[in-house]
Amino acid sequence: MSLSTLTRPSPVHRPSDLLAAYLTGSFYFSSARGTLLADGVHTRVRAEGGDRARAAAEALEAAAAAGLPDPVVVGAAGFRPDGDAGLLVPAVVRRAGAPAALAAHLPEPRPGTGWTVRPRPEPDGYTTAVSRALELIGDGELRKVVLARALELTGDHPVAVPALLTRLVHADPAAYAFAADVTAPGDPAPRTLVGASPELLVSRRGALVVANPLAGSAPRAGDETLDRERIARLRDSTKDLGEHAHTAAQVAEVLGRFCTDLDVPERPEVIGTPTMWHLSTRITGRLRDPLDPACSALGLAEALHPTPAVCGVPAPRALTAIADLESEDRGYYAGMVGWSGLGGDGEWAVTIRSAEVCDRTVRLFAGAGIVPGSDPDAELAETSAKFRTLLRALGLEHLV
């Protein structure tokens, strides 16, 4: 390779170009920070939970030594720390700015027909699980646990993942939108984890670290007066503020092991998505040792995951309760997805508002935080509202 090749400026891409170039099997991630599209496989990162950051650092150093430009690790990891993960160093990476400028009008998806819907569990099974969780909380075994339920949708034709991803990005350009290949042995076709998460697990840029936990939610009404009322109730809700406090405190405690100058706002704000309102705390800090592989974006994500926003307090007992009370294995739902670069910078989001798509089948999850004062029927309604992000993009919002 000539010096002129090495020093030639990289082509400039537009966010819309990368979104249009996405094909099933590629890796896509966009946020307010920018857009990344990765293709091919240079190296697969194979490591157990808790050791992925070290393995990723070694893979990145080897890729750089081999002359790979802009080496990054991309992929997703499942909810359970010892669960599935699909991490790799791609062969080709393209970057662009944030997708906020994607203003082109997209036609609404046609109302879906010919779909079979299987709730897992049935709604009354979910409310029964919430009641059992409240008994555990009342007995002092838990302070909070997040319980999820699933919908399995089967259509007449294969689902077009690129079109689904495009609708998700256009619906909420500020979200952490993603598509990652998570094909497993035995799958009849490629399996893709796709979604538009509102929740940043952790971002690193140089020594600056940001986390933005969300906990405490209310459905968006679509009416300005009603939404103002819901925001006001959420800000003053003792239940939701208590639920949020568990999450923010845990995230701050973990980041405090790595950071100085940690800034944790005293009260959460309310942020909105097209379907929900959430209590939000933006936590920032400065790394003590940015060169430590444990302080890479992936290392910090591993240390934080799973937060009480998707698991519970205390975490070990919450993990056991989730395994006992949920009828479906979460897989990649409530896990993490993102990227980390050679210097440790990167961005990881929590894989909520997501689905796994395989051929004609779409499996999506939604969860709610169960704390003292939770009402089983209200928690069921909250999960239904959270399904709307993916169902709307599929043209199936009428199903909930």
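Quick caveat: nothing in here was measured; it's all calculated off a predicted structure.

Conventions we followed
- Going along each chain's sequence as written, the residues are numbered from 1 onward.
- Only residues with pLDDT of at least 70 get local features here, since the model is predicted, and only at 80 or more are side-chain atom pairs given and counted; chain-wide, interface and lining totals rely on the full set of residues.
- No hydrogens and no water enter the side-chain calculation; it runs on all heavy atoms of the structure.
- DSSP-based pairing: two strands are paired if at least 2 bridges between them are found.
- What counts as a helix is a DSSP run of H or I of at least four residues, what counts as a strand is a run of E of at least two, and both are numbered from the N terminus.
- For helices, the fitted line uses only the C-alpha atoms of the stretch in contact; every axis is such a line through C-alpha atoms, and the angle between N-to-C directions lies from 0 to 180 degrees.
- When checking whether two residues touch, look at their non-hydrogen atoms; a contact exists if any pair is within 4.5 Å.
- UniProt positions are given in the numbering used here, feature names are shortened, and annotations may be inferred rather than shown by experiment.
- Exposure is judged per residue with a 1.4 Å probe applied to protein chains only, and the accessible area is read against the type maximum: over 50% gives exposed, under 20% gives buried, and values in between give partly exposed.
- In this charge count, Lys and Arg are treated as positive and Asp and Glu as negative; neither His nor the chain ends contribute.
- Every case where a carboxyl oxygen of Asp or Glu lies within 4 Å of a side-chain nitrogen of Lys or Arg is listed as a salt bridge.
- Pairs of N or O atoms within 3.5 Å make up the polar contacts considered here, provided that, within protein, one atom can donate a hydrogen while the other can accept it, and that residues adjacent in sequence are counted only when both atoms are side-chain atoms.
- Distance thresholds for patches are 9 Å for like charges and 5 Å for nonpolar side chains (Val, Leu, Ile, Met, Phe, Trp, Tyr), applied to residues having over 30% relative accessible area and no salt bridge.
- Only the protein chains shown count as cover for residues, and all accessible areas are computed by the Shrake-Rupley method using a 1.4 Å probe.
- Residues enter a nonpolar core if they are buried and are Ala, Val, Leu, Ile, Met, Phe, Trp, Tyr or Cys, with the set joined through side-chain atoms within 4.5 Å.

### Details of the sheet that holds strand β19 (residues 336-341)
Sheets are built from strands paired through backbone hydrogen bonds, the pairs being either parallel or antiparallel. Judged by pairing direction, the sheet is antiparallel, and its nine strands sit side by side in the order β3-β5-β4-β19-β20-β11-β12-β17-β14 without closing on themselves. If you trace the sheet from one side to the other, it starts and ends with β3 (43-45) and β14 (259-263), each paired once. Here the strands of the sheet are splayed against their neighbours by 15 degrees on average, with no regard to which way each runs. Sheet strands touched by helix α8 (residues 297-304): β5 (85-89), β11 (200-205), β12 (208-212), β17 (283-287), β19 and β20 (346-350). Its angle to β11, the strand with the most contacts, is close to 150 degrees.

### Some words on the UniProt feature "domain: Chorismate-utilising enzyme C-terminal" (unreviewed entry) in the chain
The UniProt record marks residues 124-386 with the feature "domain: Chorismate-utilising enzyme C-terminal" (unreviewed entry), using the residue numbering of this structure. Taken end to end, residues 124-386 is 33% helix and 33% strand, and its first and last C-alpha atoms sit 18 Å apart.

### What about the side chain of Arg149?
The topology assignment puts Arg149 in strand β8 (residues 144-154). Buried charge without a salt bridge: Arg149, with Glu122 as the nearest opposite-charge side chain at an N-O distance of 7.6 Å. One polar contact links Arg149 to Thr383, side chain to side chain, over a distance of 2.8 Å. A polar contact is formed between the side chain of Arg149 and the side chain of Ser384, at a distance of 2.8 Å. Beyond its immediate chain neighbours, meaning those up to four positions away, Arg149 contacts Arg120, Pro121, Tyr126, Leu364, Phe365, Ala366, Leu380, Thr383, Ser384 and Phe387.

### Observations concerning the sheet that holds strand β15 (residues 269-272)
In spatial order, the strands read β13-β16-β15; together these three strands make up an open sheet with antiparallel pairing. Both outer strands of the open sheet, β13 (214-219) and β15, are each paired with one neighbouring strand and no more. For this sheet, the mean inter-axis angle between neighbouring strands, taken without regard to orientation, is 30 degrees. Relative to strand β16 (residues 276-280), β13 runs antiparallel, the two sharing four bridges. Note that in β16 the partner of Leu214 across the bridge is Ser280.

### Let's talk about a nonpolar patch on the surface
On the surface, Val117, Leu399 and Val400 cluster together into a nonpolar patch covering about 210 Å² of accessible area. Residue Val400 is classed as partly exposed on the basis of its relative accessible area of 45%.

### Remarks on the nonpolar core
Looking at soluble globular proteins, one finds that nonpolar side chains tend to be buried together. Val45, Val89, Val145, Leu147 and Trp348 are the most contacted members of the largest nonpolar core, which has 59 residues in total. Counting 30 residues, the second largest nonpolar core, distinct from the first, contains Leu19, Leu153, Ala175 and Val194.

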